[in-house]
Amino acid sequence: MAEAYFSDRENGPRPCPSEVICARLWGALREQINIEIIRGSFGERFPEHCPDGHIPCGTNRSAFWSVARGEIKELPDDLRSVDLLDTPVILDFLEFCAQAVVRPIKRDFHQFFGHHHLSFDRTAGLADFIAEVNRLFERNGIGFELTDEGYARRLASPGLREELRQAVFHTGDDETDRLLEAARHDILSPRDADRRDALEKLWDAFERIKTLETGTNKKEQADRVLDAAAQARKFRTFLGEEAKALTNIGNSLRIRHSETSQEPIETLEQVEHLFHRMFGFLRLVLRATGRGG
């Protein structure tokens, strides 16, 4: 990956307010993928073979695009199309490319056909591709990135991002751990429905955490959890008030249930705000009681 531009060195990373890939950025991504095709960067999975032997010498563009369109039906007839695609479609396509990309390594030169025979380095090719895509995302203020494995995910706000990265769960209850880990993963999904589902899983985990201490009365169990989390009287009172407020949010908004009396959460910004609030509360309680977080 190239060094950062002057403005990035001078002003630091750009904010990531947008979750919509515009026509300009899609054009740049499309041309980058066309360049990779010409280089032979998809030639391991979609090889163009030398006519004088079964040796890869490039990418078979037709095979590459046919399989891509088979897996992502919203793609146009040709990669050269300038039509803007919906952001989820572009992200699906980038994931498809990431699963096939390699770094082509030129071997012997076949003078008669004017091409090189190729071998491939999967690890280096994936790292190169991810770096190029993430550079374009960052330069255009897009709130997505490709992970080291080549999967698209949202960029949470900086504070939440760090909490998600550090969190480890060992509550003693497998289902609670599963819900927390699924919520941590799904809140970064490119798909809106997954992010809303992450919020539901987090509230489900909250209800289970209330019963982690011994006893048969849920309120008494919940009080024991909070008693173990805070010894100072005023802070223990604050935790109780916060737990009650979070319970009321879950009962009043359409998070876990869909009664007509519950109001829907209107925007994804509201989803992230509520997720961050609940996630921070649960991490504090779990860490204070030796259950991870």
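Residues numbered from 1 in each chain as written. Predicted model: local features only at pLDDT ≥ 70, side-chain atom pairs only at ≥ 80, totals over all residues. Heavy atoms only, no water.

1. Description of helix α11 (residues 268–288)
Here α11 contains 21 residues, and its C-alpha end-to-end distance of 30 Å stays within 8% of the 30 Å for a straight helix at 1.5 Å per residue. Positive backbone phi, at 70 degrees, marks glycine 290, one or two positions downstream of α11. (Helix = DSSP H or I, 4+ residues; strand = E, 2+ residues; numbered from the N terminus. Expected span 1.5 Å × (residues − 1).)

2. What about the nonpolar core?
If you look at soluble globular proteins, the nonpolar side chains tend to sit buried side by side. Core analysis: the biggest nonpolar cluster contains 37 residues, and Trp203, Phe275 and Phe281 have the highest contact counts within it. Those elements that provide at least two residues to this core are α6 (158–166), α7 (174–186), α8 (192–209), α9 (218–229), α10 (233–252) and α11. Not counting residues within four places of it along the chain, the set of residues in contact with phenylalanine 275 comprises Leu160, Leu164, Ala183, Arg184, Ile187, Ala198, Leu199 and Leu202. Core analysis: the next-biggest nonpolar cluster, separate from the first, contains 34 residues, Phe46, Val101, Phe129 and Val133 among them. (Core = buried A, V, L, I, M, F, W, Y, C linked by side-chain atoms within 4.5 Å. Buried < 20%, exposed > 50% of the residue type's maximum accessible area, 1.4 Å probe, protein only. Contact = heavy atoms within 4.5 Å.)

3. Some points on the state of the cysteines
The term disulfide refers to a covalent linkage connecting the sulfur atoms of a pair of cysteines. In total, this model carries zero disulfides according to the counting rule given. Cysteine cysteine 57 remains unbridged, with the sulfur of cysteine 50 as its closest cysteine sulfur at 5.6 Å. (Disulfide = S-S within 2.5 Å.)

4. Here we look at the pattern of salt bridges
In a structure, side chains of opposite charge can pair up when their charged atoms sit close to one another. A complete count under the given rule lists 26 salt bridges for this structure. Arginine 153 is paired through a salt bridge with glutamate 145; the nearest N and O atoms lie 2.6 Å apart. Using a relative accessible area of 34% as the deciding quantity, one classes arginine 153 as partly exposed. With its nearest N and O atoms 2.7 Å apart, the salt bridge here joins arginine 184 to glutamate 181. Of this pair, arginine 184 and glutamate 181 both sit in helix α7, three residues apart, which is roughly one turn of the helix. Each of the salt bridges in this network shares a partner with another, and the network as a whole consists of Glu19, Arg154, Asp192, Arg195 and Glu272. (Salt bridge = Lys/Arg side-chain N within 4 Å of Asp/Glu carboxyl O.)

5. Considering the environment of aspartate 86
Tracing the chain through its elements places aspartate 86 in the loop between α3 (61–71) and α4 (87–100). Exposure remark for aspartate 86: the relative accessible area of 57% places this residue in the exposed category. Along the chain, aspartate 86 and glutamine 221 lie 135 residues apart, while their C-alpha atoms are 48 Å from each other.

6. Notes on the packing of aromatic side chains
In total, this model carries 12 aromatic pairs according to the counting rule given. Each residue in the set Trp26, Phe42, Phe46, Phe64, Trp65, Phe93 and Phe96 is aromatic and connected to the rest through ring pairs, giving one cluster. (Phe/Tyr/Trp six-rings, centres within 6.5 Å; stacked < 30°, edge-to-face > 60°.)

7. Describing α4
Counted at 1.5 Å a residue, the expected span for α4 with its 14 residues is 20 Å, and the 20 Å between its end C-alpha atoms agrees. Burial of α4 is extensive: 11 of the 14 residues sit out of reach of the surface. Of the positions making up α4, those classed as buried are Thr87, Val89, Ile90, Leu91, Phe93, Leu94, Glu95, Phe96, Cys97, Ala98 and Ala100. In the core, the buried residues of α4 are packed alongside α2 (23–39), α3, α5 (122–139), β5 (144–146) and β6 (152–154).

8. Details of the side chain of asparagine 134
Residue placement: asparagine 134 occurs in helix α5. Leave out the neighbours within four places in its chain, and asparagine 134 touches Glu145 and Leu146.

9. A short note on the packing of α9 against α10
Axis separation between α9 and α10 bottoms out at 9 Å; the angle between their running directions is 140 degrees. The orientation of α9 relative to α10 falls into the category oblique. Handedness of the α9/α10 crossing: right-handed. Along its contact with α9, which presents Asp223, Leu226, Asp227 and Ala229, the element α10 presents Arg236, Leu239, Gly240 and Ala243. Among the residues forming the contact of α9 with α10, the class breakdown is four nonpolar, one polar and three charged. (Axes fitted to C-alpha atoms, helices over the stretch in contact; angles between N-to-C directions. Parallel < 35°, antiparallel > 145°, perpendicular 65-115°, else oblique. Left-handed = near helix turned anticlockwise from the far one by under 90°. Nonpolar A, V, L, I, M, F, W, Y, C, P; charged D, E, K, R; others polar.)

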